[in-house]
Amino acid sequence: MLLLFLALRFQDVALVMEESAQLKGYINSISQTLRDEPADMLVGSSMTTEEYQSKYSVVFADEKYISFRAEEYSYTGGAHGSNKITVGTIDRKTGRRMCLKDFVSTDKLSELTKILHAKVVKKLGGKENLQGEVLLIENFCVVKGGLKFVYNEYEVACYAAGAIEVVVSFDEMPMREK
């Protein structure tokens, strides 16, 4: 029930429902094809190479916030599949998804960008492994002691590096004045 409650609070719930309906229709279509076609007709076809997986979890909860993580993997052919991690935090009092501006004022965003850049470069083992620019993203969540930012494949590094996850502690964070 908690995961259903969280899913209903996601800003993109309509998209999730639409994709779920499309996926269910696709799975039903595959099931029917597998029942109707002889097994030797399916070997080597696209029917045996497509895959979709998803996993959802609560990664942090306290009296103020609930943080979630949604992991999706899909393979539709080609050299490799595609992974996507979406994280976020729900304010328990309002039910609203938290934004970066809830934690950092506009005048402190460049300072946060520098901190993120340094952490990403360190995580990648050097500036030479960075591909592209480290930008501020809304793909973050509250964790114990700070904010975790998740850069998906290709956002800051090559596919082989996977998702890059860095935590900026509240102590080093240029926080919004309360």
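Rules used throughout
Residues numbered from 1 in each chain as written. Predicted model: local features only at pLDDT ≥ 70, side-chain atom pairs only at ≥ 80, totals over all residues. Heavy atoms only, no water. Helix = DSSP H or I, 4+ residues; strand = E, 2+ residues; numbered from the N terminus. Polar contact = N/O pair within 3.5 Å; in protein donor to acceptor, adjacent residues only side chain to side chain. Contact = heavy atoms within 4.5 Å. Pairing = 2+ DSSP bridges. Axes fitted to C-alpha atoms, helices over the stretch in contact; angles between N-to-C directions.

**Q** What am I meant to see in the side chain of R69 here?
**A** With respect to the secondary-structure elements, R69 resides in strand β2 (residues 65–75). Reaching out from R69, the side chain makes a polar contact with the side chain of E71 at a distance of 2.9 Å. R69 has contacts with K55, Y56, S57, V59, I85, T86, V87 and E165, leaving out every residue within four places of it along the chain.

**Q** How do you make sense of the sheet that holds strand β5 (residues 146–151) when you look at a structure like this?
**A** Backbone-to-backbone hydrogen bonds join strands into a sheet, with any given pair of strands oriented parallel or antiparallel. In space, the three strands of this open sheet follow the order β4-β5-β6, with antiparallel pairing throughout. A strand with exactly one partner marks an edge of an open sheet, and here the two such strands are β4 (140–143) and β6 (164–169). Along the sheet, successive strands turn relative to each other by an average axial angle of 25°, direction set aside. Where β4 meets β5, four bridges bridge the pair, whose relative direction is antiparallel. Opposite C141, over in β5, you have K148 as the bridge partner.

**Q** Is there a simple way to think about the pairing of strand β1 (residues 51–61) in this case?
**A** Two elements, β1 and β2, share ten bridges in a ladder whose sense is antiparallel. Opposite S57, over in β2, you have R69 as the bridge partner. What sits between β1 and β2 in their antiparallel hairpin is a turn of three residues.

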